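Structure assessment
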Amino acid sequence: MRVLVPVERLPHGWEDVRGLEAEEVLARRARYGRNDVRGRPRRSALQSLREAGGDPMLWFLVGTSTLYFALGEYVNGLVMLLALVPLLGMDVFLHHRTQASTEGLRGRLAERATVSRDGHEAEVPAEDVVPGDLLRVEAGSTFPADGLVVRGQGLQAEESSLTGESLPVRKRPLERLPPGAEPAVEVVHWGLAGTRLLTGTAWVRIVLTGPETLYGSIVRSAGQEARARTPLQHAVAHLVAVLVGVAAALCAVLALVRLRQGFGWLDALLSAATLGVAALPEEFPVALTFFLGAGVYRLARRQALVRQAVSVENIGRVSCVCSDKTGTLTEGLLRVTRLLPSPGTSPRALLRTAVLASREEGRDPLDVALLEAGARDLPELPAPTREATFPFTEDRQRETAVVRQGPGTLLAAVKGAPERVLGLCTLSEDARREWALRLDALAREGLKVIACASRTLDAAHWHGGEHPVVLTGEALEARLADTGRVPPVDVVARALPAQKYALVKALRRQGEVVAATGDGVNDVPALQAADVGIAMGERGTRSAREASSIVLLNDDFGTLVRAIAEGRQLFSNLQRCFLYLLLIHIPLVGTAALVPLWGKSLLYLPIHIVWLELIIHPTAMLAFQAAAKPGRLTPLRARPAARFFSWREWTLLTAVGGLMACGLVWAYARCLSEGHDVERARAVAMASLTLASATFAAVLTRLRTRTARWVCALSLGLSVLLIQVPALAALVGLHPPGARDWGRVLVAVAAALVPLLVAGPHARGGRGHRWRTGRRAPAPEAA
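Our subject in this report is the structure included herewith. Along each chain, residues carry numbers from 1 onward, in the same order as the chain's sequence is written. Predicted model: local features are reported for residues with pLDDT of at least 70 only, side-chain atom pairs are reported and counted for 80 or more only, and whole-chain, interface and lining totals are derived from all residues. Side-chain numbers come from the whole structure's heavy atoms, not from hydrogens or water.

1. Topic: the overall build of the protein chain
We apply this condition: Strands here mean DSSP runs of E at least two residues long; helices mean DSSP runs of H or I at least four residues long; both are numbered from the N terminus. Accessibility here uses a 1.4 Å probe with only protein chains present; expressed as a share of the type maximum, an area under 20% marks a residue as buried, one over 50% as exposed, and anything in between as partly exposed. Note on definitions: a residue-residue contact is assigned when non-hydrogen atoms from the two residues lie within 4.5 Å. Accessible areas in this description were obtained via Shrake-Rupley with a 1.4 Å probe; residue shielding takes into account the shown protein chains only.
A tally of regular secondary structure across the protein chain gives 25 helices and 26 strands. Each of the 783 residues in the protein chain was classed as buried or not, and the buried ones make up 51%. Long-range pairs, those at least 24 residues apart, make up 71% of the contacts in the protein chain between residues at least 6 apart in sequence. For the protein chain, the exposed surface amounts to about 35100 Å²; the carbon and sulfur share of it is 59%.

Quick look at the structure:
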């Protein structure tokens, strides 16, 4: 990677080890500003609440609770107010999450810096560093800004949290700048803000400060990404809006008709109010909140901490996972896993060569892995006497050690990139082709291959695809710029934060529901841009955890698979719950409107509506809480449809609800036609609805859980007692129905069940998904 150098920022004689004068420092600070990574201004709690108050769902709940209190139904009104708390809390958290992420990013920067000014060194706050300053950075210290290394030996920097590179990166001084106003300089000559110097002492000439550093660009991208409402939130809001509109229209029509029929203002208002309470769809936002909370709890039990509840829904819609490698799929450590000596050479001789070419100083992970393997497998190997060392450089791509093997004898041991080491060896063309094939096979396994003299050593591995397509970050960026679409690719190597961000955004534009995983600061933009950002809990940085919506507490990638399974189950559960609510509300609202419009007495009194709601609410919240099943996940097509029900399901809902309403009115009318009083006819209607509620819930849940069985049994049993026991029935204004009435109730419910049973699993929430186009991967399994 190359970074542009604005030459006008460098002082004359920038390569010298002389610092700036005090006056020059003041002038540069006035021109370029302070070395401060500036995020968005922090919002106050009042501002966050004011912005969250723009959500129409919150105002709907406020209005509903006000109506309940006005009608004297204080319990339902209180329930509506309590439902405001988690919804408002989630919105406020969403506003503050970006600020918390930015604060976490700022926490990784250096606080102090050693600068050379006015001919001597001084320690100053890192924010006082300006372009042109000469800094001395000791081993273990953090670079406070982006600058060119002008002096130093044996320099290595740890950049994993910024660039994703797991191994220490060697740094070397820049001898001279290429010509031009903004020449491009290789990153090997740069010290980057937020990274740490591991070995040596570096003198760095600062070029970029504050938001212009690579670190600052990450902070800006983390603060700019806004989170859109999820399709489930849009679907529920749209459904609620439609139902509210229908309810308002029915209430107005019913009040006018009752008034025209001569029943008076009191009857008209009571009829409209009763219908309004029955028709208001307050269960839907409450159910959404409750189900998201249940999903958060289940994911927590699976070692996935959910920081934003709506992510439980998003994770179930994921069709594409963009995973960081270092620290996420791998541990950032190297191990010797295989020895492949050439013919005539033993594995022990190969390992001995690799150990002799390794050094203990510097604690390079590759050297550590080789030395540990030597101590384990070659305990008798004495400590070598080094005569000379030629360290690894980007140009040579190999390291050579000259050791004394015996009196008057020297041995040169070489390890490095296979293509460079093999190029130094005398091999036949057939042997070179054979090694090329072996190297290609090893690379397909995801192994890091090291050659020693004419030998190879594999140090660490990660699981790849069978035949992965690999592109570098620069190549991917070029392809995106040319076509605007993501090419077929499995692995993006050496990807910068901006390239990861661009990949996620491009995938989302193509219709994918993207989950991005990561553990470092360099992953923050991608975590923010994805539909679901997932951070590692143990190895992840604070910034990555703050930027994510889900944290895997055990760093187990399999937890992600289980989280996706739970997310899909959440949508299935919620779909069945909403299906149940609509199936029971269509006949309830329909008959509450039709019977009074028919000119008859009110079918339901306010106490009956409260009774039904006390049955419907627990059934909806508790009966539809099935857990995800273990097994292989079915791949999803890209960006599944946002609507909650298909037209087929809406047709089914209308048919079942209409048949139930017709059957209920028929049973009610037959009871009145036989000369029974209206109290007994109302009991028939209540029996029909309570039996329909338990039956619909039993069909939709298939009574798979103990809770579903208990809820259905208790709701039906208590309703039968309330209807059939004369003393209890009198309390709610009913007279117990007879055997013939119960027969009509059974006929009405059975007739409504026919289309629901014929529709099969599709109507019970078992919606299938097709394969999406593009590269296919084997579906993971949920344990």
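2. Some points on empty space enclosed by the protein
Threshold: Every definition here rests on a 1 Å grid over the protein atoms only: cavities are sets of points where a 1.4 Å probe fits but cannot get out, pockets are open sets enclosed by protein on both sides within 12 Å along at least five of seven lines, and lining residues have some atom within 4 Å of a point. Grid points are joined across faces, edges and corners, and a volume is the space filled by probe spheres set on the points. Here the term charged refers only to Asp, Glu, Lys and Arg, the term nonpolar to Ala, Val, Leu, Ile, Met, Phe, Trp, Tyr, Cys and Pro, and the term polar to all other amino acids, Gly among them.
The full count for this structure, using the stated rule, is 2 cavities of 30 Å³ or more. A volume near 40 Å³ is recorded for the second largest cavity. Along the walls of the second largest cavity sit I584, L588, L612, I615, I616, L689 and S693, which together make up its complete lining. Mapped onto the lining of the second largest cavity, the elements with two or more residues apiece are α19 (557-597), α20 (606-622) and α22 (678-701). Of the residues belonging to the lining of the second largest cavity, the class tally is 6 nonpolar, 1 polar and no charged.

3. Points about the packing of α19 against α22
The line we're drawing: To get an axis, a line is fitted to the C-alpha atoms, and for a helix only the part in contact is used. The angle between two axes follows their N-to-C directions and goes from 0 to 180 degrees. Throughout this description, any angle smaller than 35 degrees is read as roughly parallel, any larger than 145 degrees as roughly antiparallel, any in the 65 to 115 degree range as roughly perpendicular, and the remainder as oblique. Each crossing gets its hand from how the near helix is turned against the far one by less than a right angle, where anticlockwise is left-handed and clockwise is right-handed.
Running from amino to carboxyl end, α19 crosses α22 at an angle of 160 degrees, the nearest separation of the two axes being 10 Å. On the basis of the axis angle, α19 is roughly antiparallel to α22. The way α19 lies across α22 gives a crossing that is right-handed. Contact residues: α19 offers R576, L579, Y580, L583, I584, P587 and L588, while α22 offers L689, A692, S693, F696, A697 and L700. Here the contact of α19 with α22 is built from residues that sort into 11 nonpolar, 1 polar and 1 charged.

4. Section: the packing of aromatic side chains
What counts, and what does not: Two rings belonging to Phe, Tyr or Trp (six-membered ring only in the last case) form a pair when the distance between their centres is within 6.5 Å. Interplanar angles under 30 degrees mark stacking, angles over 60 mark edge-to-face geometry, and anything in between is tilted. In this scheme, the term charge over a ring applies when either NZ of a lysine or CZ of an arginine sits within 6 Å of the ring centre and within 35 degrees of the ring normal.
Enumeration over the complete set of coordinates arrives at 1 aromatic pair. Pairing Y580 with F624 gives two aromatic rings, centres 5.6 Å apart and planes at 40 degrees, and the pair type is tilted. Highlighted residues: Y580 in helix α19 and F624 in the loop between α20 and β25 (631-632), separated in sequence by 44 residues. In this structure, R151 packs its charged tip against the face of W203, placed 4.1 Å from the ring centre. Seen from the ring of W435, R438 lies directly overhead, with NZ or CZ sitting 4.5 Å from the centre.

5. Quick look at the sheet that holds strand β6 (residues 155-158)
Put simply, the rule reads: Only strands that DSSP links by at least two bridges are regarded as paired with each other.
Ordered in space as β7-β6-β10, the 3 strands form an open sheet in which the pairing is antiparallel. Two strands close off the open sheet at either side, each with one partner strand: β7 (169-171) and β10 (196-199). For this sheet, the mean angle separating the axes of adjacent strands, direction not counted, is 40 degrees. One ladder, built from 3 bridges, connects β6 with β10; its direction is antiparallel. The residue bridging Q156 from the neighbouring strand is T199, located in β10.

6. What about helix α25 (residues 739-759)?
Under the convention used in this document: For a helix, the expected span equals 1.5 Å multiplied by the residue count minus one. A residue's bend is the angle separating two fitted axes: one through the seven residues that end there, the other through the seven that start there.
For α25, built from 21 residues, the straight-helix expectation of 30 Å at 1.5 Å per residue is met to within 8% by its first-to-last C-alpha distance of 31 Å. L753 marks where α25 bends most, by close to 30 degrees; the proline P755 follows one to four residues later. Turning to α25, its buried residues number three or more, namely D741, R744, V745, A748, V749, A752, L753, P755 and L756. The elements touched by buried residues of α25 are α19, α21 (647-673) and α22.

7. Here's the deal with the nonpolar core
Definition in use: Side-chain atoms within 4.5 Å link the members of a nonpolar core, which is a set of buried Ala, Val, Leu, Ile, Met, Phe, Trp, Tyr and Cys residues.
Core analysis: the largest hydrophobic core is formed by 100 residues, its most contacted members being I315, F578, Y580, Y604 and F696. The element contributing the most residues to this core is α19, with 20 residues. Those residues in contact with F696 that sit more than four places away from it in its chain are Y580, L583, I584, V656, A752, L753 and L756. Grouped together as the second largest cluster of nonpolar side chains are 21 residues, V486, V489, A526 and A530 included.

8. Some details on the sheet that holds strand β2 (residues 112-117)
Strand order in the open sheet formed by 6 strands is β3-β2-β4-β11-β5-β9, and the pairing between neighbours is antiparallel. Both outer strands of the open sheet, β3 (120-125) and β9 (190-191), are each paired with one neighbouring strand and no more. The pairing of strand β4 (residues 134-137) with strand β11 (residues 202-208) spans 4 bridges and is classified as antiparallel. Paired with L135 across the strands is V204, a residue of β11.

9. Points about α22
Here α22 contains 24 residues, and its C-alpha end-to-end distance of 34 Å stays within 8% of the 34 Å for a straight helix at 1.5 Å per residue. A positive phi of about 60 degrees marks R702, the residue just after α22.

10. A few points about the pairing of strand β22 (residues 514-518)
The element β22 is extensively covered by neighbouring structure, given that 5 of its 5 residues are classed as buried. Across the two faces of β22 the burial is the same, with V514, A516 and G518 and A515 and T517 all buried. Pairing analysis gives 4 bridges linking strand β13 (residues 320-323) to β22, with the strands arranged parallel. Of the residues in β22, the one forming a bridge with C322 is A516. The pairing of β22 with strand β23 (residues 532-536) spans 4 bridges and is parallel.

11. Things to note about a nonpolar patch on the surface
Here is the rule we go by: Each patch is built from salt-bridge-free residues with over 30% relative accessible area, joining like charges within 9 Å and nonpolar side chains (Val, Leu, Ile, Met, Phe, Trp, Tyr) within 5 Å. Salt bridges are defined by distance alone: a side-chain nitrogen of Lys or Arg within 4 Å of a carboxyl oxygen of Asp or Glu.
Together, W710, L714, L718, L721, V725, L728 and L731 give the surface a local cluster of nonpolar side chains, amounting to about 710 Å² of exposed area. Counting only elements with at least two residues in the nonpolar patch, the list comes to α23 (706-724) and α24 (726-731). Following the sequence through the fold, L731 ends up in helix α24. On the basis of relative accessibility, which here comes to 68%, the residue L731 falls in the exposed class.

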